[in-house]
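Tertiary structure, described
Residue-level listing of the chains:
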Amino acid sequence: MHSAEPIIELVGLGKEFYTASGPIKALDDINLSIGRGEIFGIIGLSGAGKSTLVRCINYLEIPTSGTVLFENKSLTAMRPREQRLARQSMGMIFQQFNLLAQRNVLQNVCFPLEIAGVSKKDAVDRAMELLEMVGLSDRSKAYPSQLSGGQKQRVAIARALATKPKILLCDEATSALDPNTTKSILSLLKEINKTLEVTVIVITHEMAVIEAVCDRVAIIDQSHIAEVGSVADLFSEPKSKIGRQLILGEAAERVIQFGDSKNVRITFDGRSSFEPVLSNMILACKVPINIIHAETKDINGTAMGQMVIQLPEDELDQKRIINYLKTAKITHEEVKSL
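Residues numbered from 1 in each chain as written. Predicted model: local features only at pLDDT ≥ 70, side-chain atom pairs only at ≥ 80, totals over all residues. Heavy atoms only, no water.

Next up on the list: the nonpolar core. With 49 residues, the main nonpolar core has Ile93, Leu131, Ile157 and Leu168 as its most contacted residues. Residue contributions to this core peak at six residues, all from helix α5 (residues 149-161). Look past the residues within four positions of isoleucine 93 in its chain and what remains in contact with it is Gln153, Ala156, Ile157, Ala160, Leu169, Cys170, Asp171, Ala173 and Leu189. Within the second largest apolar cluster, 30 residues are counted, among which are Leu32, Phe40, Leu53 and Ile201. (Core = buried A, V, L, I, M, F, W, Y, C linked by side-chain atoms within 4.5 Å. Buried < 20%, exposed > 50% of the residue type's maximum accessible area, 1.4 Å probe, protein only. Helix = DSSP H or I, 4+ residues; strand = E, 2+ residues; numbered from the N terminus. Contact = heavy atoms within 4.5 Å.)

Next comes the structure, spelled out in structure tokens:
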């Protein structure tokens, strides 16, 4: 877990972009404190300002107003050389990996070390050590075009860690990857956070990513911070409208009507009592149901009896549930209202 000591503080941060049709506010009065050693998530819908925020943290974008403090020092007040060193303390990985196509894996990881003036031998030693850590030491001679998406992202992580940064900024680092690869990249980030004690800042639009790795999270909405809190608190009780929408999904914003809709009788005739049939169905279909009548009992670990449920009025929702019951081979029939 993170210590109380902040490694990054954003104070009254604002960023405007000047366009032909006038200024656009990308960030407005952002105040955030990120503790050393934590995995901190920043989530928002696309266009909310997440990527601009992460680029202001490492000064790839210069804020229009406010201050970025890195280890209690203002990036604004730093001389160019100090700014460069501060930036070397922040590794970054992107959605599209951004590897150099004409360089092999080893040369890609060595690249930031060359820029930092590290000797070739030391650079190669450091790069091999990192490739070992991300599980790619056997692919050091391969070129990016020969790698899968997940492998490319591992190389990008190794490269971002080359200069021994204190912070790793991940801008939508898993959104181009499939769910299994995403899982393995997220567990690698967790591992790096623990073993190298690197503070990880994760920018994403996916709540599942936040849930999987983060300690705390800030929700950004329309250039403002809507709420900040521990992931556990946020999931159990989101305070902002956007928080409820992100966590509970569109269902939170959608009024489910039952009215005079269909009723379905489900018969339990020998399934295990420990199989949560209804919970599974609700989770799979992401649709609520209304239990009208139930008489089930557990006989030596098998469920016997029946239950009548009412489906929502929306036809698509009804189809989802009926299809689920068919696929799961659960005995059911439509019944008239009780």
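What follows concerns the UniProt feature "domain: ABC transporter" (unreviewed entry) in the protein chain. As annotated in UniProt, the feature "domain: ABC transporter" (unreviewed entry) corresponds to residues 8-247 in the numbering used here. From the first C-alpha to the last, residues 8-247 spans 26 Å; its make-up is 38% helix and 28% strand. (UniProt positions renumbered as here; feature names shortened; annotations may be inferred.)

Along its sequence, the protein chain is carved into domain 1 (6-243) and domain 2 (258-335). On a C-alpha basis, the centres of domain 1 and domain 2 stand 44 Å from each other. (Domains from an automatic or database assignment.)

Turning to its location among the elements, aspartate 171 is positioned in strand β7 (residues 167-171). Looking at aspartate 171, the relative accessible area reads 7%, which means it is buried. Separated by 2.9 Å, the side chains of aspartate 171 and arginine 55 make a polar contact. If near-sequence neighbours (up to four positions away) are discounted, aspartate 171 is found in contact with Ser51, Val54, Arg55, Met92, Ile93, Phe94, Gln95 and Ile203. (Polar contact = N/O pair within 3.5 Å; in protein donor to acceptor, adjacent residues only side chain to side chain.)

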